[in-house]
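Working through the structure, step by step
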Amino acid sequence: MPRTAHTTVYKFDELSDSAKQTAIEKLYDINVDNDWWDCIYDDAKTIGCKISGFDTDRGSYCDLKCDDAHETARLIVENHGETCDTRKLADEYLKDHDAIIDTAERDEDGELADEYAIDKKLDELNAEFQRALGEEYLVILRKEYEYLTSEAAIIETILANEYEFTEDGKMF
């Protein structure tokens, strides 16, 4: 013979403090159980770079590649705010890039006297810029993960989705 069970469910705000804590603990990965990094990868694409992998933990790396460092720096200046660390990095790169070109020795026709030496300096500058930019994106990824796993972010998700819980804080 079929039986019917009745369960009283509660909104998060209706739970006791200990039940709220249980709900938060059980949903600790609710914001990071999918591709939470997609928006950061998309941001890198807007500046001409590709992130092919990262590890914010023990490996501590961000594999970021840019096709053209100078174009990437220009796009950062155009799209990232003035107080953003990537913007500060791009501004410094562009200043150093211009200094290399402006101070290069020229021949009597105004052409670069030693293009190989200039290219070598620019290659080193480009490599350093890309390495530093990868470090900045690693910081961005870490901060995003830390926020998404914070109690505040978990509670925001619970409230936004209007999840319901049993009296002891288990999701219904």
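A few points on the structure. Each residue is numbered by its place in its chain's sequence as written, counting from 1. Residue-level local features of this predicted model are given only where pLDDT is at least 70; pairs of side-chain atoms are given and counted only at 80 or more, and the full residue set underlies all totals for whole chains, interfaces and linings. No hydrogens and no water enter the side-chain calculation; it runs on all heavy atoms of the structure.

Here, disulfide denotes a covalent bond that connects the sulfur atoms of two cysteines. To count as a disulfide, a pair of cysteine sulfur atoms needs to be within 2.5 Å. Counted by the stated rule, this structure contains one disulfide. Note on Cys39: no disulfide assigned, nearest cysteine sulfur contributed by Cys62 at a separation of 13 Å. Judged by its relative accessible area of 47%, Cys39 falls in the partly exposed class. Unpaired in this structure, Cys84 has its nearest cysteine sulfur neighbour in Cys49, at a distance of 13 Å. Think of it in three bands: with a 1.4 Å probe and only protein chains considered, a residue is buried below 20% of the maximum accessible area for its type, exposed above 50%, and partly exposed in between.

This part takes up the packing of aromatic side chains. Only Phe, Tyr and Trp rings take part, Trp by its six-membered ring, and two of them pair if their centres are within 6.5 Å. Stacked means planes under 30 degrees apart, edge-to-face means over 60, and tilted covers everything else. Under the defined criterion, the tally for this structure stands at seven aromatic pairs. Among the aromatic residues, ring-to-ring pairing joins Trp36, Trp37, Tyr41, Phe54 and Tyr145 into one connected group.

Side chains carrying opposite charge are able to pair once their charged atoms draw close together. Salt bridges are defined by distance alone: a side-chain nitrogen of Lys or Arg within 4 Å of a carboxyl oxygen of Asp or Glu. Within this structure, the stated rule accounts for eleven salt bridges. Taking the shortest distance from any N to any O, the salt bridge between Lys95 and Glu92 comes out at 3.3 Å. With Lys95 and Glu92 both in helix α4 (residues 85-102) and three residues apart, this pair spans about one turn of that helix. Residue classification places Glu92 among the partly exposed positions, given a relative accessible area of 38%. Strands here are runs of E lasting at least two residues and helices are runs of H or I lasting at least four, both read from the DSSP assignment and numbered beginning at the N terminus.

Once that is clear, we can look at the nonpolar core. Within the largest apolar cluster, 32 residues are counted, with the highest numbers of intra-cluster contacts made by Ile51, Cys62, Leu64, Phe129, Leu133 and Tyr137. Of all the elements in the fold, those that place two or more residues in this core are α2 (38-46), β2 (49-55), β3 (61-66), α3 (69-79), α4 and α5 (115-148). Looking at this core, the element that brings in the most residues is α5, giving ten residues. The set of buried Ala, Val, Leu, Ile, Met, Phe, Trp, Tyr and Cys residues whose side-chain atoms join them within 4.5 Å is what this entry labels a nonpolar core. Core analysis: the second largest hydrophobic core is formed by ten residues, Phe12, Ala19, Ile154 and Ile158 among them.

It is worth spelling out unusual backbone geometry at this point. Backbone geometry follows two general trends: most residues other than glycine have a negative phi, and most peptide bonds adopt the trans configuration. Despite not being glycine, Ser60 shows a phi value in the positive range, around 45 degrees. Within the element layout of this structure, Ser60 appears in the loop between β2 and β3. Non-glycine residue Glu162 carries a positive phi angle of around 50 degrees. Along the chain, Glu162 turns up in the loop between α6 (151-160) and β4 (164-165).

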